[in-house]
Amino acid sequence: MMKVLKVSTALCAGALLVPLPLSYAAGAEPDGSPLAGSAPAQSTTEKLKVDYENGALNSGVEGLTTTHATAPDASGVVRPGHGGAYAVQHKVTLGDAGYESNGAPRSESATDLLPSGQFDVGDVQRYEFSVLLKDWKTYAAGDSDTGDIVFQGKYAGGNVPAFYLMAKRNEIAFRSPHLNQQAAVVPDLRPYVNKWMSFRVDARWTTDETGYFKVSVQLPGESGYKPAASYENVRTYQPDNPADHGYIKWGLYRPSESIGNGDVPTRIVQHDDIRILDLS
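Residues numbered from 1 in each chain as written. Predicted model: local features only at pLDDT ≥ 70, side-chain atom pairs only at ≥ 80, totals over all residues. Heavy atoms only, no water.

1. Quick notes on the environment of D112
1) Next: Within the secondary structure, D112 sits in the loop between strand 9 (104–110) and strand 10 (118–119).
2) Next: Look at D112 and you get partly exposed, because its relative accessible area is 24%.
3) Next: Sequence separation between D112 and Y155 is 43 residues; the distance between their C-alpha atoms is 9.1 Å. (Helix = DSSP H or I, 4+ residues; strand = E, 2+ residues; numbered from the N terminus. Buried < 20%, exposed > 50% of the residue type's maximum accessible area, 1.4 Å probe, protein only.)

Below, the structure written as C-alpha cells:
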C-alpha cells in the first residue's frame, strides 16, 4: 500500500521549525478524516495544456521552449501517447555533447517564456503530467544511485529548483531542495517501466510559512489520484538569486551522472498531458 508522507511546520519566534515526517494510510489522517490535499475537487481554471496531439514538438503552443540539446534524437514526438496519438520523448546519452544543454546532460521542454506557464508569489497552482520510463534499466545493488530528474518547478534566473520529481534507484521521489525534504511517491517503479504513470503537484507559492506542496499519484490500473506526500505551512518561494517568476520543465536532466561513475549511459523518457491549473 502506498504510504503518505505529511509534513507540517509552524512559525515560532520568527523561525521555521524542523519538519517532522508522519506516515498515514493513503487518503486519511490517523482519526480517519480526509488527508489535507484529498478533499473534494475544488474549482480550477486550466492555464496551459500540452498534449502533443497536433504532432508538433511544441504541441502548437507558441513560446514553449523545446530542447537545446543538438542531437537529432534528443527530443521528438512519438506514438502512441498517454491518452491520445502522440507524446514527446527526450533522450540523454552521457558523455556525448549532443545531449547536453548549458553544459549539462539534459534534454527538456520548458514554459519559461510563456505567461500561462509561469508562477509567482501568491499563486496557487496545480501541475499535472504523465511520464513513461522507456526501456528503463532498473537499479541493482552496486549501481550508482544518483537520480534522473523528469519534472521540475523552477525559479527563473538559474536558481535551484523549488521542487522536482526524479527516478532514483527503483523509486520515484519528490524533492524540495530548499526545504531539504524528500519522499518516495512511487516506492517501486519496476512494475511500471514502459507504462504511463501520472503525477499531480499542488503548490501554494509563498515567501512566508503559509505555503504547501501536495503530491498525488495515479499508477496504471488505478481509477484516480491518490495522495502520496504533503508539505504544509512551509515557505515555497525562496530562490537563491533574484527571480521575477517561476516555471515548469519536463524531460530528462541527469545532473550528477557520468560514465565514470558507472551510470546508465542512455536514458529515455516520454511525457504527455502536461497541464497547469489555477487553484486560487
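2. Some points on the nonpolar core
1) Next: Core analysis: the largest hydrophobic core is formed by 55 residues, its most contacted members being Y127, F163, L165, I172, V185, F199 and W205.
2) Next: With residues up to four places along the chain from it excluded, the contact list for Y127 reads F119, F151, F163, F199, R200, V201, A203, W205, I248, R275 and I276. (Core = buried A, V, L, I, M, F, W, Y, C linked by side-chain atoms within 4.5 Å. Contact = heavy atoms within 4.5 Å.)

3. Examining the pattern of salt bridges
1) Next: One pass over the structure, following the stated rule, counts 13 salt bridges.
2) Next: Residue E128 pairs with R275 through a salt bridge whose shortest N-O separation is 3.0 Å. Here E128, found in strand 11 (residues 124–133), pairs with R275, found in strand 20 (residues 266–278); they are 147 residues apart in sequence, far enough to count as distant.
3) Next: Here E257 ties to R254 by a salt bridge, and the two come within 2.6 Å at their closest N and O atoms.
4) Next: The buried category is assigned to E257, whose relative accessible area is 8%.
5) Next: Salt bridges linked by common partners bring E46, E128, R200 and R275 together as one network. (Salt bridge = Lys/Arg side-chain N within 4 Å of Asp/Glu carboxyl O.)

4. Topic: the confidence of the model for the protein
Detail in the predicted coordinates should be disregarded across regions flagged by low pLDDT.
1) Next: When the pLDDT values of the protein are averaged, the result is 88; 85% of them are 70 or greater.
2) Next: Predicted confidence for residues 8–40 stays below pLDDT 50, and this span has 59 contacts to residues more than four positions away or in other chains. (pLDDT = per-residue confidence, 0-100.)

5. Topic: the pairing of strand 13 (residues 163–168)
Side-chain direction in a regular strand flips from residue to residue, so the side chains alternate between the two faces of the sheet.
1) Next: Within strand 13, five of the six residues are buried, leaving the element largely enclosed by the surrounding structure.
2) Next: Two elements, strand 12 (residues 147–155) and strand 13, share six bridges in a ladder whose sense is antiparallel. Looking across to strand 13, one finds that G147 is bridged to K168.
3) Next: For strand 13 and strand 14 (residues 171–176), the ladder comprises five bridges, and the chain directions are antiparallel. Directly across from M166, in strand 14, lies its bridge partner A173.
4) Next: Remark: two residues form the turn of the hairpin made by strand 13 and strand 14, two consecutive strands paired antiparallel; R169 in that turn has positive phi of roughly 50°. (Pairing = 2+ DSSP bridges.)

6. Focus: the side chain of K154
1) Next: Locating K154 in the fold gives a position in strand 12.
2) Next: Side-chain polar atoms of K154 contact the backbone oxygen of N159, separated by 2.7 Å.
3) Next: Sequence-distant contacts of K154, defined by excluding residues within four places in its chain, comprise F119, N159, P161, G246, Y247 and K249. (Polar contact = N/O pair within 3.5 Å; in protein donor to acceptor, adjacent residues only side chain to side chain.)

7. As for the pairing of strand 12
1) Next: The element strand 12 is extensively covered by neighbouring structure, given that nine of its nine residues are classed as buried.
2) Next: Alignment of strand 12 against strand 19 (residues 246–253), held across six bridges, turns out to be antiparallel. Bridge pairing in strand 19 places I149 opposite Y253.

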